[in-house]
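# A closer look at the structure
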Amino acid sequence: MLKKGGDQSLVRIHNQNLILEEIIKNKQISRADLAKSLNISAPSISTNVEPLLRSGILHERGLGKSAAGRKPIMLQFNFKYGYILGIDLSKGRIVSALSDLSGKPERITKGERTKHVVGHDLITMIEEHIHMVLKREEVELTSILAIAIASPGILMNHRHIRLDLDQINWQDVNPALVLQERLNVPVVLENDINLATLAEYQSLKKYEQTENMVFISIGRGLGSGLIIRGELYKGSFGGAGEVALMSSSIKSQNLQYYETILSLESLRKEVLISRPISSNSVQIEDDEKFLEYISDLLSKGDPYIHTCIDNMSKHIAVMISNVSALFNPQLVVIGGELMTLSNYLFPKIKNEVYRIYPFPIEMKVSEEVEYVGLYGCLAIAKERAIGQLIN
């Protein structure tokens, strides 16, 4: 008898999850159409829908269209059933977004800078930021169904491998587990570029949709993510797409890694060599102000800056061609803070790639430079939250 009850419970959970997925996919649908599309009997549909209506996970909304007879009542998913929270740590500070189960951010909050804050101190800083956001938005912690955190570095079996000493340092602590225990909320920790790649892939328009895509981010760091056959590919140990580890040349018997020549920091060093900047004229350490300064010099036709951008575009093109030679993607999306200069960079990159890479390939610039990682956080937090609604 116990086994039979257990089997029935599994069937119920399976059917209700199928119903939920179909309703979310269609936005609204009648019971009769649910039965047809899922090949489940009408009585079984009604039996499984009723508890979802009572709990508030589903709503009945209005009347649908009918060729003859009574118009059917439509079922909709209740996106206000709970909240999710995304936290991006890739910008050198805590940046968060609160959302209902639609995954669309209601407000983005920039919090404390994370430089030199490590381990448990960093986890506590994130926890305090979460409480601050919820208090301001008047949302109870018990209403948060999932939290997702984007972190630089390779995350392998709860180990954090730092490729850059300036990256976030968890000091061998599992931040997802610690926060989950403190907050009693499911917490997911994922590589920031992987999350940005997922967000970029999900944002593709119908005419852009593809099974194989590469996302490359060039900004405070350098990284890429791979979509293969419609799925995020992480590799054997979570390190797939780490183009920062690729070398462009050997100088004085030492490898020259791409991240040393393709980042905001490398551009900043190049500029400072030629023209020391006084703190009164521009805040060189502020990425946004620095990029505005570079854009202004480019618009004025500064020959040295144009040479820097030309050299950088050639290196980016060679790197894209190398990655494409391995994976032969249909689409390459380029993002990251450096692509705020895309009016100057992208045409040069594209022309160079088309010159040296022999296969057809589409290329585009990310439409969301600043918050793409945050949208990726909300995407996986939404998936986790909805996936655990039925038990």
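If you're wondering where the values come from, they're calculated on a predicted model, not measured in any experiment.

Considering all chains together, one arrives at 20 salt bridges under this definition. The salt bridge involving Arg31 is made with Glu60; its shortest N-O contact spans 2.7 Å. Remark: Glu60 occurs in strand S2 (residues 58–63) and Arg31 occurs in helix H2 (residues 31–38); sequence separation between them is 29 residues. The partly exposed category is assigned to Glu60, whose relative accessible area is 37%. In this structure, Glu370 and Lys110 form a salt bridge, with 3.0 Å as the shortest nitrogen-oxygen distance. Here Lys110 lies in strand S6 (residues 105–113) and Glu370 lies in the loop between strand S17 (362–365) and helix H11 (372–387), a separation of 260 residues in the sequence. By relative accessible area, Glu370 is classed as partly exposed at 36%. With a relative accessible area of 44%, Lys110 lands in the partly exposed category. A single network of salt bridges, built from pairs that share partners, joins Lys205, Glu208, Lys364 and Glu367.

Moving on to the packing of helix H4 (residues 119–137) against helix H5 (residues 175–183). Orientation of H4 relative to H5, taken along the N-to-C sense of each, is 45°, at an axis distance of 10 Å. Considered as vectors, H4 and H5 are oriented oblique to each other. Note that H4 runs across H5; the crossing there is right-handed. Contact residues: His120, Ile123, Thr124, Ile126, Glu127, Ile130 and His131 in H4; Pro175, Val178, Leu179, Arg182 and Leu183 in H5.

Here is what the cut-offs are and how they apply
- Residues numbered from 1 in each chain as written.
- Predicted model: local features only at pLDDT ≥ 70, side-chain atom pairs only at ≥ 80, totals over all residues.
- Heavy atoms only, no water.
- Salt bridge = Lys/Arg side-chain N within 4 Å of Asp/Glu carboxyl O.
- Helix = DSSP H or I, 4+ residues; strand = E, 2+ residues; numbered from the N terminus.
- Buried < 20%, exposed > 50% of the residue type's maximum accessible area, 1.4 Å probe, protein only.
- Axes fitted to C-alpha atoms, helices over the stretch in contact; angles between N-to-C directions.
- Parallel < 35°, antiparallel > 145°, perpendicular 65-115°, else oblique.
- Left-handed = near helix turned anticlockwise from the far one by under 90°.
- Contact = heavy atoms within 4.5 Å.

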